[in-house]
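# Structural characterization, general
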Amino acid sequence: MAHEKIVVGVDIGSTKIAVIAAQGSTSGPRQNNIEILGFSEVPVPVGAVVNGSVENIKQVGSAIREALQEASSRSDLDIGIVNVSFGGTHVKIGTHSDGVIRPSASSGEEVTQRDVDQLVDDMYRAKIEPNYDVLHVLPMEFVVDNSPGVREPVGRTGIKLGGNFLIISANNQSIQRTKKSLADADQNLKCDKMVFGPLATSLAVLTDNEMKAGIALVDIGDHTTDLVIYQDRIVRHIATFPIGGRHITNDLAIGCGIQFENAEQLKKEYGVAVSADIPLNVEILVNFLAGRPPKQVLKKNVGLIIEERLKEIAAMVYAEIIKSGYLDKLIGGIVLTGGSANIDEIEVLFEKVTDMSVRVGYPENMERTAKADAVSNSSFNTAIGLAWAGLKLIDPRVKSVCKAPVVATTVIIPKEKPKEVKEPVKKIGTFWDSIIGKKDDSLGDY
C-alpha cells in the first residue's frame, strides 16, 4: 500500500486499557479505511484510574505494559510511539475569541493556511485556570475584518484575522501522571498526541455525512457521560456530566442487596433499558456471597432500576442539547457509545426521552478481517479513534487541534521474526428515590 502509516492508540479507561495497532493509507482509494493489525484489552485495578484521571502510576503503567506487549505480539510490531486518550471530570471546556493583525495584509496578500495555523497556535497561550494546560483548540468560526461566521478564511483578503474557539484544558498534574504511566510502562515509549477521549471516539464511529448533517455523540463511560455536537463537520459544543455506567451498577447493587461485582455482571447479562415488556414473575438467581444460597432477583426490578437511571442520563443530555442551541440542526440525531451503550433497547429509551433518532455507534471504515471483527464493539471505539487521529485531522481546516506533540521521531517497525497471530481477545471479566426511597450518599448529589 502506497504511503502506508502504522499508528497505535492507547485508551486509558477507568476499568481497562485498550490498545489498537492499525495501518492506514494517507492517499489513494483506500485512504478512508484502516486495517487492524493488533489489539489488546487489559483490566486496571479498582482505584487506579478514578473519574478518568490516573491515580496510581505504577498500576496503570503495569497494565499499559501488558496491553502493549499483547498488541505487539498480535501485530508483529515493535511499538515505540502511541496516541493516548485523556478525559474525566478534571477536563474543562470553555470558549475563547481572539484575533491578530496579519503582517502580510499591507501587501494585499490573501489569508494563508500559515496565518490560520498561527492563530490557532496562539490560542494555546489563552488565559485559563491555574494548574490547567490547554490541550485542544477547536475553531468554530473565523472572522476576517468585519465579516463574522467565516468557515474557510484561507483565500480571503483582510487585515485582521480572528476566530471563536472551543478550548479543552486539563489539570496538568493529571496529564503528568498519564505521561509518567507511559514512562513506567516503557522508558522508550513516546507520545505523539494526547486526544480527548470523546473526540477520538467520534473519529471511529461517526460518518462524514453525519458530521456534516449535524450529530450528537453521547459517550456513556464508567464515571462520566460526554456529549460532543458536530454540525457542518465542525465541533460546536462539548459537555461532560459526572454520571455514568458505574452509577447504574451501584443502583443495582443497592436495590438487589448484592455486591458491586455481582451487580456489574447482572447489568451485562440481563440489563435492559425498557422494562415495560418484562414479565413480573421472571426471577434471576445471583451468587452474591460465597457460602450463601443464591439470591432471587426479579428481572422486572432489574429493568426498572436501569431504566430510571438511563432516563436521568438521557434527560440531562437532551437538556444540554437544547441549551447548546443546536437541537433543530442535528439532522443525524444521536449516536450512543461507551460500555453502557451495550444495554439492550437503550436506543429505544433515548428516542422516547429526546424524540430524536438514535443509533448505537460501532467502528466504521475498517477492512473486514478476523481482527476487525474482534474489535467491532464499544470497548475499542476510543482506541480505534486514537489510531485514526494519527491518520486524519480532527478539523481539516487547521494543521492540528492538538497541542504540539511531545515527540514524533520514533517509528514503529515490523519485528524481524513474525510471530503467530492469536485471534481470540481476552474477556474482562442515586436516582433511587422513585424506586426504594433512598440513595447512595457516596455518589454525591447523583
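Since the model is a prediction, treat every value here as computed from it, not as a measurement.

About the cut-offs
- Residues numbered from 1 in each chain as written.
- Predicted model: local features only at pLDDT ≥ 70, side-chain atom pairs only at ≥ 80, totals over all residues.
- Heavy atoms only, no water.
- Helix = DSSP H or I, 4+ residues; strand = E, 2+ residues; numbered from the N terminus.
- Areas by Shrake-Rupley, 256 points an atom, 1.4 Å probe, with all protein chains shown as cover.
- Phe/Tyr/Trp six-rings, centres within 6.5 Å; stacked < 30°, edge-to-face > 60°.
- Buried < 20%, exposed > 50% of the residue type's maximum accessible area, 1.4 Å probe, protein only.
- Lys NZ or Arg CZ within 6 Å of the ring centre and 35° of its normal.
- pLDDT = per-residue confidence, 0-100.
- Contact = heavy atoms within 4.5 Å.
- Salt bridge = Lys/Arg side-chain N within 4 Å of Asp/Glu carboxyl O.
- 1 Å grid on protein atoms, 1.4 Å probe; cavity = no way out; pocket = protein on both sides within 12 Å on 5 of 7 lines; lining within 4 Å.
- Points joined across faces, edges and corners; volume = space filled by probe spheres on them.
- Nonpolar A, V, L, I, M, F, W, Y, C, P; charged D, E, K, R; others polar.
- Pairing = 2+ DSSP bridges.
- Axes fitted to C-alpha atoms, helices over the stretch in contact; angles between N-to-C directions.
- Disulfide = S-S within 2.5 Å.
- Parallel < 35°, antiparallel > 145°, perpendicular 65-115°, else oblique.
- Left-handed = near helix turned anticlockwise from the far one by under 90°.
- Arc of directions from axis to C-beta.

## Description of the overall build of the chain
When helices and strands are counted, the chain shows 11 helices and 20 strands. When the accessible surface of the chain is split by element, carbon and sulfur atoms take 49% of a total near 19,900 Å².

## Quick look at the packing of aromatic side chains
Overall, the coordinates contain 3 aromatic pairs when judged by the stated rule. Their ring planes at 85° and their centres at 6.1 Å tell us that F39 and F380 sit as a pair that is edge-to-face. In this pair, F39 is assigned in strand β3 (residues 34-43) and F380 in the loop between α10 (370-374) and α11 (381-388), connecting sequence segments 341 residues apart. Of the residues examined, F39 reaches a relative accessible area of 0% and is grouped as buried. For F380, a relative accessible area of 1% gives the class buried. Judged by centre distance (5.7 Å) and plane angle (40°), the rings of F86 and F196 are tilted. One end of the pair, F86, is in strand β7 (residues 81-86); the other, F196, is in strand β12 (residues 190-196), with 110 residues separating them in the sequence. Neither F86 nor F196 differs from the other in exposure class; each is buried. Over the ring of F39 we find R74; its NZ or CZ atom is 4.3 Å from the centre of that ring. Across from the ring centre of F288, 4.8 Å away, lies the NZ or CZ of K295, which sits over that ring.

## With respect to the confidence of the model for the chain
Averaged over every residue, the pLDDT of the chain is 88; the share at 70 or more is 87%. Within the model, the stretch residues 406-413 combines pLDDT values under 50 with 22 contacts to residues more than four positions away or in other chains. Under a pLDDT of 50 for its full length, residues 417-446 has, in the predicted model, 66 contacts with residues more than four places off or in other chains.

## So, the pattern of salt bridges
Per the stated rule, a full pass over the model turns up 21 salt bridges. E129 serves as the salt-bridge partner of K92, at 3.8 Å between the closest nitrogen and oxygen. Remark: E129 occurs in the loop between α2 (113-123) and β9 (132-144) and K92 occurs in strand β8 (residues 92-101); sequence separation between them is 37 residues. With a relative accessible area of 31%, K92 lands in the partly exposed category. The partner of R233 in a salt bridge is D208, and the shortest N-O contact between them spans 2.9 Å. One end of the pair, R233, is in the loop between β14 (225-231) and β15 (234-241); the other, D208, is in helix α5 (residues 208-213), with 25 residues separating them in the sequence. According to the relative accessible area criterion, R233 is partly exposed, its value standing at 28%. Take D208: its relative accessible area is 44%, and that puts it in the partly exposed class.

## A look at empty space enclosed by the protein
It is a probe the size of a water molecule, rolled over the atoms, that shows where empty space is left. A volume near 30 Å³ is recorded for the largest cavity. In this structure, the largest cavity is lined by L138, P139, R233, I234, V235, I394 and D395. By residue class, the composition of the lining of the largest cavity is 5 nonpolar, no polar and 2 charged.

## Regarding the sheet that holds β9
The strand order β8-β11-β9-β10 describes an open sheet built from 4 strands, whose pairing is antiparallel. Because the sheet does not close on itself, it has two edges, and the strands there are β8 and β10 (147-150). Going across the sheet, the axis of each strand differs from the next one's by a mean of 40°, ignoring polarity. When β9 meets strand β11 (residues 160-171), the two strands line up antiparallel, connected through 11 bridges. Within the sheet, the bridge partner assigned to H136 lies in β11 and is I168. Each of β8, β9 and β11 is contacted by α2, which is oriented at about 40° to β11, the strand it contacts most.

## Remarks on α2
Among all positions of α2, only D115, V116, D117, L119, V120 and M123 are buried. Buried residues in α2 make contact with β8, β9 and β11.

## Observations regarding the state of the cysteines
Within the structure shown, the criterion is met by 0 disulfides. Cysteine C402 is unpaired, with the sulfur of C191 as its nearest cysteine sulfur at 9.6 Å.

## Remarks on unusual backbone geometry
The residue N51 is not glycine, and still its phi comes out positive at about 55°. Here N51 shows up in the loop between β4 (49-50) and β5 (53-54). Taking the relative accessible area as the measure of exposure, N51 reaches 28% and is therefore partly exposed. Even without being glycine, D145 reaches a positive phi, approximately 55°. Looking at the element boundaries, D145 is found in the loop between β9 and β10. D145 sits in the partly exposed class, given a relative accessible area of 33%.

## A word on the packing of helix α6 (residues 245-256) against helix α7 (residues 260-270)
Relative to each other, α6 and α7 sit at 110°, their axes nearing to 8 Å. By the angle between their axes, α6 is roughly perpendicular relative to α7. Handedness of the α6/α7 crossing: right-handed. Contacts from G245, R246, I248, T249, N250, L252, A253 and C256 in α6 reach F260, A263, E264, L266 and K267 in α7. Here the residues of the contact of α6 with α7 sort into 7 nonpolar, 3 polar and 3 charged.

## Examining α7
Residues N262, A263, L266 and K267 constitute the buried set of α7. Taken end-on, α7 shows its buried residues confined to a sector of 140°, consistent with a single buried face. Residues of α7 that are exposed and point more than 90 degrees away from the buried face comprise E261 and K268. The secondary structure elements touched by the buried residues of α7 are α6, β16 (283-286) and α8 (299-324).

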